[in-house]
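# Survey of secondary and tertiary structure
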Amino acid sequence: MLENIFANIISIGGFVVIVQVIALLFLCWMFRPTIIKAIEHLLGLQEKDERSANKNDNAGIIIAVFGVLLVSLYASNTHTLENKPPSAERQSEQIEQNIPIEKEEPPVVVDKQTAQTTSNEQKNDTPKSVPAPKQEQSQNIVPIRKDVDGRGISASEPKYEGLVGYVAVGYSDGDDKQSPYNTPWLIKTYERDKQFWNESGNAIEHKTEIVVKKQFLKLDRNIYYHGYLLVQRISDGKEFYINVKNFITKPYWTYKDIKEAAKVGHFIAVYNQKSDYYPVNLDNKKIDLPNGTLVFISGTTGTYGRGRPDNRTHQVEGGYWREDAQRYGGAFFNIEDLTIKY
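Quick summary incoming for the structure in this document.

## A look at the overall build of the chain
Within the chain one finds seven helices and twelve strands. The buried share among the 342 residues of the chain stands at 32%. Taking all contacts inside the chain whose residues are at least 6 apart in sequence as the whole, residues at least 24 apart take part in 56%. Counting every atom, the chain has about 23,800 Å² of accessible surface; 52% of that belongs to carbon and sulfur.

Next up, the structure:
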């Protein structure tokens, strides 16, 4: 009990309260005769021997007054603690436990109309669920790089590994012995036997989308690299080897610019006369072709000298099927007269 009383005294004032109690006791001691007479008069007690009263009663009075004072202080402190708000109790506990105190925000008063409007806005602003994007088939796949040339054409060894590209016919794959109109075009695949590369007997279609897994290249003629690539077909994950000349990074068959497409690879186009220039042969003589004729384009027109086709008016060259000779004949075309078919 005494421990609780002293603890409460310390908690509500500590040293100041003790000083006040001592001062009160001192005043009681100084005016003890008057206080004693007043108490005896109130209680109707007879006067006793002054010495005896001083010895016996003064101590009891002092103790009584001291006890009343302590009880009143204890009651006052208890009342204060009982009326302490919950937040103050939490702060006291947090201070004792060294826990950071979080300030409580005052309540915000919102009228019903504002609350309803806010609720509607939150519903309208709630983002709809978006399906997760599909994962790439391979983490090593790099997006198509149109700034990287295929076919091993590079001033330094090209870095094809991890690159997405396409299988396409090479510049030496099409000749007059085979009809270029027989589609789909098929490209040879190879098998590796140590340092040798043998034809596998299987083929892969022109325009097949692939990703390069490994490369085995060597420098050949300045900016040309020759060799083979281990590639993976994206559609089914099957792997095989191809000649680097059959690897391209640009799907030129989707181009609208015929000349740019001819810089990348071979294609079949439909001829329809629209420009001011008829097709011509190497001797710069006119070739009569009906509209709708399929022609084979093998590249851009080179410089053949005086009296030969002008590469400004006949930007691309290729061939067409000559019914009179039952063979393919060379021809030069204006790009405005052609549309890519395959």
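## Some thoughts on the sheet that holds strand β11 (residues 327-333)
Strand order in the open sheet formed by five strands is β11-β10-β9-β8-β12, and the pairing between neighbours is antiparallel. The open sheet has two edge strands with one neighbour each: β11 and β12 (338-340). Taking each pair of neighbouring strands and ignoring which way they run, the sheet shows an average axis angle of 40 degrees. Here strand β8 (residues 267-271) pairs with β12 via three bridges, running antiparallel. Bridge pairing in β12 places V270 opposite T339.

## Some words on the packing of aromatic side chains
The full count for this structure, using the stated rule, is 15 aromatic pairs. Ring pairing ties together the aromatic residues Y190, W197, F216, Y228 and Y241, which thus form one cluster. Seen from the ring of Y278, K286 lies directly overhead, with NZ or CZ sitting 4.0 Å from the centre.

## Remarks on the pattern of salt bridges
A side chain of one charge can pair with a side chain of the opposite charge if their charged atoms are brought near each other. Considering all chains together, one arrives at eight salt bridges under this definition. The partner of E199 in a salt bridge is K188, with the nearest N and O atoms 3.3 Å apart. With E199 in strand β3 (residues 196-205) and K188 in strand β2 (residues 186-193), the pair connects residues that are eleven residues apart, well separated along the chain. Of the residues examined, K188 reaches a relative accessible area of 46% and is grouped as partly exposed. Measuring nitrogen to oxygen at the nearest pair gives 3.3 Å for the salt bridge that ties D288 to K286.

## Side note on the pairing of β11
With five of seven residues buried, β11 lies mostly within the body of the structure. Taken together, the seven bridges between strand β10 (residues 316-322) and β11 define a ladder with antiparallel strand orientation. Across the sheet, residue E317 finds its bridge partner in β11, namely F332. A loop of four residues connects β10 with β11, the two strands running antiparallel in sequence, and Q326 in this loop sits at a positive phi of about 50 degrees.

## What about a nonpolar patch on the surface?
Taken together, the side chains of L27, M30 and F31 present a nonpolar region at the surface, about 310 Å² in accessible area. Tracing the backbone shows F31 in the loop between α2 (15-30) and α3 (32-43).

## Things to note about unusual backbone geometry
In this structure, P184 follows T183 across a cis peptide bond, with omega equal to 5 degrees. Tracing the backbone shows P184 in the loop between β1 (164-167) and β2. A positive phi angle, close to 65 degrees, is found at R151, a residue other than glycine. Backbone geometry places K194, a non-glycine residue, at a positive phi of 55 degrees.

## Focus: the side chain of T208
Tracing the backbone shows T208 in the loop between β3 and β4 (209-220). A polar atom in the side chain of T208 sits 2.7 Å from the backbone oxygen of E205. Residues contacting T208, with those up to four places away along its chain left out, are G165, Y166, V167 and R233.

## What about the environment of G292?
Tracing the backbone through its elements, the reader meets G292 in the loop between β8 and β9 (293-300). Beyond its immediate sequence surroundings of up to four residues, G292 is in contact with V270, Y271 and N272.

## Description of the pairing of β10
In terms of burial, β10 is a largely internal element, five of the seven residues being buried. With four bridges connecting them, β9 and β10 associate as antiparallel partners. Its bridge partner lying in β10, T300 is registered against V316.

## Comments concerning the environment of K207
Examined against the element boundaries, K207 turns out to sit in the loop between β3 and β4. Of the residues examined, K207 reaches a relative accessible area of 30% and is grouped as partly exposed. Leaving out residues up to four positions away in the same chain, K207 has contacts with Y166, V167, W253 and Y342.

Rules of the game
- Residues numbered from 1 in each chain as written.
- Predicted model: local features only at pLDDT ≥ 70, side-chain atom pairs only at ≥ 80, totals over all residues.
- Heavy atoms only, no water.
- Helix = DSSP H or I, 4+ residues; strand = E, 2+ residues; numbered from the N terminus.
- Buried < 20%, exposed > 50% of the residue type's maximum accessible area, 1.4 Å probe, protein only.
- Contact = heavy atoms within 4.5 Å.
- Areas by Shrake-Rupley, 256 points an atom, 1.4 Å probe, with all protein chains shown as cover.
- Pairing = 2+ DSSP bridges.
- Axes fitted to C-alpha atoms, helices over the stretch in contact; angles between N-to-C directions.
- Phe/Tyr/Trp six-rings, centres within 6.5 Å; stacked < 30°, edge-to-face > 60°.
- Lys NZ or Arg CZ within 6 Å of the ring centre and 35° of its normal.
- Salt bridge = Lys/Arg side-chain N within 4 Å of Asp/Glu carboxyl O.
- Patch = residues over 30% accessible without salt bridge, like charges linked within 9 Å, V, L, I, M, F, W, Y side chains within 5 Å.
- Polar contact = N/O pair within 3.5 Å; in protein donor to acceptor, adjacent residues only side chain to side chain.

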